[in-house]
Amino acid sequence: MADSSTADLSKGKRITGDDRSSLAGELRERYDNGESIRSLATSTNRSYGFVHRLLSESGATLRGRGGANRNAKKSA
């Protein structure tokens, strides 16, 4: 689902300045609409860490991991 702004990103290419800001805005919008960091990373051909860092820099509120809580006490 990459649009024209994310289609030209090649893995390892340094993203700076306005390109980084516009990519951060786009990824934040998609993340806020429910897309996962992993799916954003796959669609932009970037690493999970890169996308996570970009979202953090953009001020996005990151969601929890989800799943079962290991420390939750089982009811008897």
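Being a predicted model, the structure only gives us computed values, none of them experimental. (Residues numbered from 1 in each chain as written. Predicted model: local features only at pLDDT ≥ 70, side-chain atom pairs only at ≥ 80, totals over all residues. Heavy atoms only, no water.)

A. Main features of the pattern of salt bridges. Inspection of every chain in the model, using the stated rule, returns 4 salt bridges. A salt bridge links Asp32 to Arg28; the nearest nitrogen and oxygen atoms lie 3.7 Å apart. With Asp32 and Arg28 both in helix α2 (residues 17–32) and 4 residues apart, the pair spans about one turn of that helix. Arg28 gets classed as partly exposed once you look at its relative accessible area, which sits at 29%. Among the salt bridges present, the one from Glu35 reaches Arg30, with a minimum N-O distance of 2.9 Å. Residue classification places Glu35 among the partly exposed residues on the basis of a relative accessible area of 22%. A relative accessible area of 14% means that Arg30 is categorised as buried. It is possible to trace a salt-bridge network through shared partners that takes in Glu26, Arg30 and Glu35. (Salt bridge = Lys/Arg side-chain N within 4 Å of Asp/Glu carboxyl O. Helix = DSSP H or I, 4+ residues; strand = E, 2+ residues; numbered from the N terminus. Buried < 20%, exposed > 50% of the residue type's maximum accessible area, 1.4 Å probe, protein only.)

B. Broad picture of the nonpolar core. Counting residues in each nonpolar core, the largest one holds 13 residues, and the members touching the most others are Leu23, Leu27, Leu40, Phe50, Val51, Leu54 and Leu55. When residues of this core are traced back to their parent elements, those giving at least two are α2, α3 (37–44) and α4 (48–57). Contact partners of Leu55, with chain neighbours within four places excluded, come to Leu27, Arg28, Tyr31, Ile37, Leu40, Ala60 and Leu62. (Core = buried A, V, L, I, M, F, W, Y, C linked by side-chain atoms within 4.5 Å. Contact = heavy atoms within 4.5 Å.)

C. Quick peek at the packing of aromatic side chains. Scanning the model with the defined rule gives 0 aromatic pairs in all. Over the face of the ring belonging to Phe50 we find Arg46, whose NZ or CZ atom lies 4.4 Å from the ring centre. (Phe/Tyr/Trp six-rings, centres within 6.5 Å; stacked < 30°, edge-to-face > 60°. Lys NZ or Arg CZ within 6 Å of the ring centre and 35° of its normal.)

D. Geometry of the environment of Arg63. Within the secondary structure, Arg63 is located in the segment after α4. Among residues more than four places away in sequence, those in contact with Arg63 are Tyr31, Gly34, Glu35 and Ser36.

E. Structural detail: the packing of α2 against α3. Viewed as axis vectors pointing N to C, α2 and α3 meet at an angle of 140 degrees, and their least axial separation amounts to 10 Å. As judged from the angle between their axes, α2 and α3 are oblique. Here α2 runs over α3; the crossing is right-handed. From α2, Leu27, Arg30 and Tyr31 reach across to α3, where they touch Ile37, Leu40, Ser43 and Thr44. Here the residues of the contact of α2 with α3 sort into 4 nonpolar, 2 polar and 1 charged. (Axes fitted to C-alpha atoms, helices over the stretch in contact; angles between N-to-C directions. Parallel < 35°, antiparallel > 145°, perpendicular 65-115°, else oblique. Left-handed = near helix turned anticlockwise from the far one by under 90°. Nonpolar A, V, L, I, M, F, W, Y, C, P; charged D, E, K, R; others polar.)

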